[in-house]
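# Summary of structural features
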Amino acid sequence: MSFTRRFAIATGVAAGMAASLMGSTALAQDNVRIALVAKSLGNGFFEAAARGAEEAAEEVGNAEIIYTGPTSTTAEGQIEVINSLIAQRVDAIAISANDPDAVVPALQKAMQRGITVISWDSGVAPEGREMHLAPSSDELIGQTIIKLAADQLPDGGKVAVLSATSTSTNQNTWIEEMKSVMDQYPDIELVATVYGDDLADKSYRETQGLLQTYPDLDAIIAPTSVGIVAAAQAVQDAGKVGEVNVTGLGLPSEMAGAVESGASKSFAIWNPVDLGYSTAMLAYNLATDQAEAEPGAEISMGRMGTATLDDTNTAAMSEPFTYDSSNIDEFKDIF
Amino acid sequence: MIGQALKSREAILAGALILLIIVVESRFSGFAAPGNLAGVFNDTSILIMLALGQTLVILTRCIDLSLASNLALTGMVTAMINSAMPGVPVVALIAIAVALGLLMGAFNGILVWKLDIPPIVVTLGTLTIYRGIIFVVSGGAWVNSHEMSEAYKAIPRFEILSLPVLSWIAIAVIAAFAVGVNRTALGRAFYAVGGNPSAAVYTGINVGKTRFWAFVIAGGLAGLCGYLWVSRYAVAYTDVAGGFELDVVAACVIGGISIAGGLGTVTGAVLGALFLGTIKNALPVVGISPFWQLAISGAAIIIAVAFNARSEHGKGRIILKKAEAHS
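Note that the structure is a prediction, hence the values are computed from the model and not measured. (Residues numbered from 1 in each chain as written. Chains lettered and ligands numbered in written order. Predicted model: local features only at pLDDT ≥ 70, side-chain atom pairs only at ≥ 80, totals over all residues.)

## Things to note about the pairing of strand β14 (residues 321-324) of chain A
Residue and element names in this part refer to chain A.
- Where burial is concerned, the two faces of β14 differ: the one with Phe321 and Tyr323 is buried and the one with Thr322 and Asp324 is not.
- Note: strand β10 (residues 266-269) against β14, four bridges, orientation antiparallel. Its bridge partner lying in β14, Ile269 is registered against Phe321. (Buried ≥ 20, exposed ≤ 12 C-beta atoms within 10 Å, placed from the backbone. Helix = DSSP H or I, 4+ residues; strand = E, 2+ residues; numbered from the N terminus. Pairing = 2+ DSSP bridges.)

Set out below in structure tokens:
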């Protein structure tokens, strides 16, 4: 990890030195320099994204990744970083914004200088970027969470949803999307939706309630990181590991214990490595004019397929990445 | 004597609790089974202990809103020590938790005692301060179950006579309170200070110091509960027990601890916490729409308080009549 980060910084420093020493020599012109701007440095999620971007750079051959970002998650810090990137005359800036509006003026300045600007993970307002790459779409998340439960239940069964608050917009959208594809799984019955309010104790109690009310429950889907951890703990404490599978959306570092105990067979979240890779690919294709960001455009993301832009030039990368006992150890220390 | 006991607040509350359990049982068979009720008691243990601590504070005409933040901070600190140094024995961690809780309670107490700041202001401030310190020490990161040692997670779950240690700790605390509040000078001083502070001063009781001790004891309990909470749910994050301080106050109010101070019993606080805990455990299983649940628990609190207010009122009149009759 720290080696990777040091490597990324070293690459960035070397690139900066090369540019200042040689000015606009052939080497600097040959390489497409893509700046990957994180919300803050020292966050495992972004370190992993940077590794993915490096992978993309190696694949295309003539690209160079400058992984950078402020030390704390502030918009001010990102503006400083953007200004210094403009001064370095990078070819593309890909940013995960701390604030969708505050960074717009700085990014507009970059675009006026001919720099390709895209946002990823956390978006920038449309006027401040050419396109935005969202990690996933509501539709894909809804499809994924029911598939995770169904994959473990070849003969069908009863599932329940443990959500956050009853008013949470993204939770409700995901649950609606999930219900809209339930007819693909005729043997799976959704018996209840309960709300744990993203509080560990309430989620735990709601899970206990589900286990009591539906003694033959087969799976609990919790599309919230607090809920999924609490549900897994409650299932474990009730001695129902193996009978009730807890799945949904969670972070590998938080779910490692549940996967180890068997309370959760698998769960999903977007893969930061893939996200960094796709972002670098898109930035490269836009910066080299191999593609243009406009509604309806289809832009290649290398091994991740193509991104299709909607009316606001936003694209979704892929369905969330699934984690289980085979890969949890690899990711639990990353994010 | 027996008639009086039956009319008491505690008897009414106990009756309401039994009625509640019967109603839930009629809708969800198996709720009143001994095993399930033991589970409800275990789940309510932390609320009971905090409500007892809060009872002392309220008896002295104060209020402590920082208990949940205190709990969350001590929980986070013990979890971080455990994950960084798994070799530290859990007994030492519990001692650290209690000590840290006592310290935070003492900080509240000093501000109330020496600077004479209203307790609601002091603890509203420390509520945010203690919660803020969690962000500082943890950097916003979680401590997850796989980072905690097995021993750390096992203690509250370990069963003695088929009851988890968490329940036994709560029973021990209830017993200690029953003796301490009714049979020690300090215990009686809490009532005296809340009942009539001026009179308490004339009997030689230091009002500020008594309040200080109430805050310290409540803080120590919150510290102990901090370890128990984090170990039970096997996760420590910045928002642990968010909003729980209001549950604790609600449990006291339901239990008939008078917010005006000087009135209330250990039994009342325990029953109040159990009543709230039973509702919390019953709502998920009786199949009431989650949209109604908040409103229902709120209504239960108001009804309980209305009952208390009525019984308090009646009692006052009876005393006057007796006094009239004697004269």
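## Quick notes on the interface of chain A and chain B
- With 21 residues of chain A in contact, the opposing surface of chain B contributes 17 residues.
- Among the elements that line the side of chain A that touches chain B, the one with the most residues is helix α8 (residues 200-213) of chain A, at eight residues. (Contact = placed C-beta atoms within 7 Å.)

## Some points on the nonpolar core
- Within the largest apolar cluster, 200 residues are counted, with the highest numbers of intra-cluster contacts made by A:Ile34, A:Leu36, A:Ala92, A:Ile93, A:Ala94 and A:Ala280.
- If you tally residues by element for this core, the top one is helix α11 (residues 207-233) of chain B, at 16 residues.
- Filtering out sequence-adjacent residues up to four positions away, A:Ala92 remains in contact with A:Val32, A:Ile34, A:Ala35, A:Ile115, A:Thr116, A:Ala283, A:Leu286 and A:Ala287.
- One finds B:Phe31, B:Ala282, B:Leu283 and B:Val285 within the second-largest nonpolar core, a separate group that totals five residues. (Core = buried A, V, L, I, M, F, W, Y, C linked by C-beta atoms within 7 Å.)

## Looking at the UniProt feature "transmembrane region" (unreviewed entry) in chain B
Residue and element names in this part refer to chain B.
- UniProt tags residues 12-33, 39-60, 91-113, 120-143, 163-182, 211-230, 251-279 and 291-309 as "transmembrane region" (unreviewed entry).
- What you have in residues 211-230 is 100% helix and 0% strand, and the ends, taken at the C-alpha atoms, are 29 Å apart.
- The span residues 251-279 carries 62% helix and 0% strand; its end-to-end C-alpha distance comes to 11 Å. (UniProt positions renumbered as here; feature names shortened; annotations may be inferred.)

## Observations regarding the confidence of the model for chain A
- The share of residues in chain A with pLDDT of 70 or more is 91%, and the mean pLDDT across the chain is 86.
- Note that pLDDT drops below 50 for residues 1-28 of chain A; the model gives that stretch 21 contacts with residues more than four away or on any other chain. (pLDDT = per-residue confidence, 0-100.)

## Considerations on the sheet that holds strand β9 (residues 245-248) of chain A
Residue and element names in this part refer to chain A.
- The sheet built from four strands is open, its strands ordered β7-β6-β8-β9 with parallel pairing. The strands lining the two open edges of the sheet, one partner per strand, are β7 (188-195) and β9. On average, each strand axis in the sheet is tilted by 25° relative to the strand beside it, whichever way the strands run.
- Taken together, the four bridges between strand β8 (residues 219-222) and β9 define a ladder with parallel strand orientation. Along β9, the bridge assignment pairs Ala222 with Gly248.
- Across the sheet, helix α9 (residues 225-237) lies against β6 (157-163), β8 and β9, angled at about 175° from β9, the strand it touches most. (Axes fitted to C-alpha atoms, helices over the stretch in contact; angles between N-to-C directions.)

## Quick notes on the environment of B:Ile94
All names here are of chain B.
- Within the secondary structure, Ile94 sits in helix α5 (residues 90-114).
- Judged by local crowding, Ile94 falls into the buried class, with 21 C-beta atoms found within 10 Å.
- In the structure, Ile94 is positioned 138 residues away from Arg232 in sequence and 14 Å away in space, judged by C-alpha atoms.
- Excluding residues that lie within four positions of it along the chain, Ile94 makes contacts with Leu224 and Tyr227.

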